[in-house]
Amino acid sequence: MRFELASVPGTAERPNEDWASLALPASGQGGSLVVLDGVTPPRGGDGCVHGVPWFTSHLGGALLELSGSHRDMPLAEVLALSIRRTADTHRESCDLSHVRTPQATVVAVRWDGESVEHLVLSDSTLLLESPNGVVHAVLDDRLDRVPREVLRSVSATDALRNQDGGFFTAAADPGVAARAVTGTTPRADVRAVAALTDGASRWTDLFAEGSWADLMGLLSREGPHGLVGRVRALETADALRGGGTRWKIHDDATAVYAELRDPVALPGT
Ligand SMILES: [Zn+2]
């Protein structure tokens, strides 16, 4: 097995609001990974005295711990419990009813000898590669379905945030966990998994440098640091060409890559 991760801030001036971890139990075939992308609040605040990095570290820590210690609990319930635990930590000091209370996208994966469970909430990406090289992208595309012009307006975006007909993130309401995209795949059908925040998935979904399968191949050859380095080079070249339609030239970029099985040597390779 092979496990690698990289997380690089968008700029040196701001803290990295992504959060990533991998846990490998000392016994058995199991493990889990968690990747969060904290949502940067627009000007006007978020009702919290702690900040997004505090929030993602608490939520991510709870997800990792509870997914390992409650192995029979479905990941959606693990997420609900983690949201509740995090909310309880700052319920007294902060206004958790604020529409921009600290929130994050979530990718969680947990595996054992039998199966690979996954959960995706909001616009981070999970890739599952089968032993024959087919790559399946697990996406929660609700944010993608919101028109770009709506997302340019803070108030219009807030009106859709964690609302029916809008998009959902892990914030202070445990009920949002039921909205996550979840599934289970036999372990034998998964060779490798990758979790990407949108700063890293840009290689495919913004710059169209290759398919999701191509991105998996890049991760296999060059690892998460190689992917993020290529994204940064594309962003810089794009900015120099005046490609100024993006919100941020560089975003926090995180990639976790886990090979659960050795590649099968194909005849003639
Ligand atoms: Zn707070």
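Look up: the structure comes first, before these words.
First things first, this report covers the structure right here in the doc. (Residues numbered from 1 in each chain as written. Predicted model: local features only at pLDDT ≥ 70, side-chain atom pairs only at ≥ 80, totals over all residues. Heavy atoms only, no water.)

1. Some remarks on the packing of aromatic side chains
Within this structure, the stated rule accounts for 1 aromatic pair. Measuring from centroid to centroid gives 6.0 Å for Phe3 and Trp111, while their planes differ by 10 degrees, and the two rings are stacked. Within this pair, whereas Phe3 is found in strand β1 (residues 2–8), its partner Trp111 is found in strand β4 (residues 104–111), the two being separated by 108 residues in sequence. Exposure remark for Phe3: the relative accessible area of 22% places this residue in the partly exposed category. (Phe/Tyr/Trp six-rings, centres within 6.5 Å; stacked < 30°, edge-to-face > 60°. Helix = DSSP H or I, 4+ residues; strand = E, 2+ residues; numbered from the N terminus. Buried < 20%, exposed > 50% of the residue type's maximum accessible area, 1.4 Å probe, protein only.)

2. Structural notes on the coordination of the zinc ion
Taken together, the protein donors to the zinc ion comprise Cys48 (SG), His50 (ND1), His90 (ND1) and Cys94 (SG), at separations of 2.1 to 2.4 Å. Each of the 4 donor atoms bound to the zinc ion contributes to angles spanning 99 to 117 degrees, and the resulting shape is tetrahedral. In the primary structure, the donors to the zinc ion are separated according to the pattern C-x1-H-x39-H-x3-C. With Cys48 in the loop between β3 (31–38) and α1 (52–69) and His90 in helix α2 (residues 75–90), this residue pair connects regions lying 42 residues apart in the sequence. Comparing Cys48 with His90, the two get one shared label, buried. (Donors = N, O, S within 2.8 Å, 3.2 Å for Na, K, Ca; no water. Tetrahedral: all angles 85-135°; square planar, octahedral: opposite > 155°, others 65-115°.)

3. A short note on the pattern of salt bridges
Going through the model one piece at a time under the given rule, you end up with 17 salt bridges. Between Arg145 and Asp141 there is a salt bridge; the shortest N-O distance is 2.9 Å. By relative accessible area, Arg145 is classed as exposed at 60%. By relative accessible area, which is 33% here, Asp141 ends up partly exposed. When salt bridges with common partners are traced through the structure, they connect Arg2, Glu4, Glu129, Arg191 and Glu259 into a single cluster. (Salt bridge = Lys/Arg side-chain N within 4 Å of Asp/Glu carboxyl O.)

4. Let's talk about the nonpolar core
Leu36, Leu63, Leu79, Val106 and Leu121 are the most contacted members of the largest nonpolar core, which totals 26 residues. For this core, the elements supplying multiple residues, two or more each, are β3, α1, α2, β4 and β5 (115–121). The dominant element in this core, judged by the number of residues it contributes, is α1, at 7 residues. Leave out the neighbours within four places in its chain, and Leu36 touches Glu17, Asp18, Trp19, Thr56, Leu59, Gly60, Leu63, Ala104, Thr105, Val106 and Thr197. (Core = buried A, V, L, I, M, F, W, Y, C linked by side-chain atoms within 4.5 Å. Contact = heavy atoms within 4.5 Å.)

5. Thoughts on the sheet that holds strand β6 (residues 125–129)
Strand pairing in a sheet is mediated by backbone hydrogen bonds. Such pairs are either parallel or antiparallel. Judged by pairing direction, the sheet is antiparallel, and its 5 strands sit side by side in the order β1-β10-β9-β6-β7 without closing on themselves. One side of each edge strand has no neighbouring strand; the edge strands of this open sheet are β1 and β7 (135–138). On average, each strand axis in the sheet is tilted by 10 degrees relative to the strand beside it, whichever way the strands run. In the sheet, β1 pairs with strand β10 (residues 253–259) via 7 bridges, with the strands oriented antiparallel. Pairing of Arg2 across the sheet is with Glu259, part of β10. Sheet contacts for helix α5 (residues 198–205): β6, β9 (192–196) and β10; angle to β10, the most-contacted strand, approximately 75 degrees. Packed on one face of the sheet, helix α6 (residues 212–240) meets β1, β6, β7, β9 and β10 and runs near 40 degrees to β1. (Pairing = 2+ DSSP bridges. Axes fitted to C-alpha atoms, helices over the stretch in contact; angles between N-to-C directions.)

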